[in-house]
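# Results of the structural survey
Here is how the chains run, residue by residue.
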Amino acid sequence: MSYPEPRYFGERGQVSALFLPASPQPDTGSSDFGISYVAKQENTNGEFGLYKIDMGPKAMGATEHFHRTISESFYVLSGEVRLYNGEHWVTGGEGDFLYVPAGGLHAFHNDSDDPVSLLLLFTPGAPREEYFEKVAEYSQRSREELKAFRVRHDQYNTDMLDD
């Protein structure tokens, strides 16, 4: 194993860290599904996007889908979440982790009576904010508009592949 090629060539380092204080409210979502933008791709020079998901009891997450350009990782902070790993559903609890490479089928939801909190990590970073903010709206539009919106955001839901 080796490290990636250097990207910084200075001799002494530089002041470049970015501190983002936590927001008291989610950035988007609904009362049963809040999404907080921990680190958007624009904050990480496109290296990753990190989002905190807070799901209420019995909250639907995402149905089976895959991404062509990004990997997605799940880290459970609290509660229990159902995660689909492409073959079967598993229950993830505090500290559990699921990595899904580009092309990997996955899904998630909370079928418990308790809330759940998890981190989603997308690499490389992608502008997922518009997807999170508008997916509910597009879900009320025509099937063709919803599919086009999802494709624009590298979200290939398997229930729409034959359209």
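It should be noted that the structure appears before, not after, this text.
Below or above, wherever it landed, is the structure these notes cover. (Residues numbered from 1 in each chain as written. Predicted model: local features only at pLDDT ≥ 70, side-chain atom pairs only at ≥ 80, totals over all residues. Heavy atoms only, no water.)

### Remarks on the pattern of salt bridges
- The final tally for this structure, using the stated rule, is eight salt bridges.
- A salt bridge links Asp54 to Lys52; the nearest nitrogen and oxygen atoms lie 3.1 Å apart.
- Asp54 sits in the partly exposed class, given a relative accessible area of 26%.
- The partner of Lys134 in a salt bridge is Glu130, with the nearest N and O atoms 3.4 Å apart. (Salt bridge = Lys/Arg side-chain N within 4 Å of Asp/Glu carboxyl O. Buried < 20%, exposed > 50% of the residue type's maximum accessible area, 1.4 Å probe, protein only.)

### What to know about the packing of aromatic side chains
- For the structure on display, the rule yields eleven aromatic pairs.
- For the pair Tyr37 and Tyr51, a centre-to-centre distance of 5.7 Å together with 90 degrees between the ring planes defines the contact as edge-to-face. Note that Tyr37 is positioned in strand β2 (residues 33-39) and Tyr51 in strand β3 (residues 49-55), a separation of 14 residues in sequence.
- Ring centres of Phe66 and Tyr156 lie 5.3 Å apart, and the angle between their planes is 20 degrees; this geometry places the pair in the stacked category. (Phe/Tyr/Trp six-rings, centres within 6.5 Å; stacked < 30°, edge-to-face > 60°. Helix = DSSP H or I, 4+ residues; strand = E, 2+ residues; numbered from the N terminus.)

### Let's talk about the environment of Gly29
- Position of Gly29 relative to the elements: it lies in strand β1 (residues 28-30).
- According to the relative accessible area criterion, Gly29 is exposed, its value standing at 52%.
- Through-space distance from the C-alpha of Gly29 to that of Tyr51 is 12 Å; in sequence the pair is 22 residues apart.

### Description of the packing of helix α1 (residues 129-139) against helix α2 (residues 143-152)
- As a packed pair, α1 and α2 sit with axes 10 Å apart at the nearest point and diverge in direction by 170 degrees. In terms of orientation, α1 lies roughly antiparallel with respect to α2. Contact residues: Glu130, Tyr131, Lys134, Val135, Tyr138 and Ser139 in α1; Glu145, Leu146, Phe149, Arg150 and Arg152 in α2.
- Its residues placed into classes, the contact of α1 with α2 shows five nonpolar, one polar and five charged. (Axes fitted to C-alpha atoms, helices over the stretch in contact; angles between N-to-C directions. Parallel < 35°, antiparallel > 145°, perpendicular 65-115°, else oblique. Contact = heavy atoms within 4.5 Å. Nonpolar A, V, L, I, M, F, W, Y, C, P; charged D, E, K, R; others polar.)

### What about the nonpolar core?
- Within the largest apolar cluster, 28 residues are counted, with the highest numbers of intra-cluster contacts made by Met55, Phe74, Val81, Phe108 and Leu118.
- Residue assignment for this core shows that the elements contributing at least two residues are β2, β3, β5 (71-78), β6 (81-84), β8 (97-100), β10 (116-123), α1 and α2.
- Residues in contact with Leu118, not counting those within four places in the same chain, are Tyr51, Lys52, Ile53, Met55, Phe74, Tyr75, Val76, Leu77 and Val81. (Core = buried A, V, L, I, M, F, W, Y, C linked by side-chain atoms within 4.5 Å.)

### Here we look at the sheet that holds strand β7 (residues 89-92)
- Taken in spatial order, the five strands line up as β7-β6-β9-β4-β11 in an open sheet, and their pairing is antiparallel. Strands with a single pairing partner mark the edges of an open sheet, and in this sheet they are β7 and β11 (156-157).
- Sheet topology note: the β6/β7 ladder contains four bridges and is antiparallel. From the neighbouring strand, Arg82 faces β7, where its bridge partner is Thr91. (Pairing = 2+ DSSP bridges.)

### Digging into the environment of Thr158
- The topology assignment puts Thr158 in the segment after β11.
- Classification of Thr158 as partly exposed rests on a relative accessible area of 26%.
- Taking C-alpha positions, Thr158 is 49 Å from Glu11, a pair spaced 147 residues apart along the chain.
- Discounting chain neighbours no more than four positions away, the residues touching Thr158 are Glu64, His65 and Leu105.
- A polar side-chain atom of Thr158 sits 2.6 Å from a polar atom in the side chain of Glu64. (Polar contact = N/O pair within 3.5 Å; in protein donor to acceptor, adjacent residues only side chain to side chain.)

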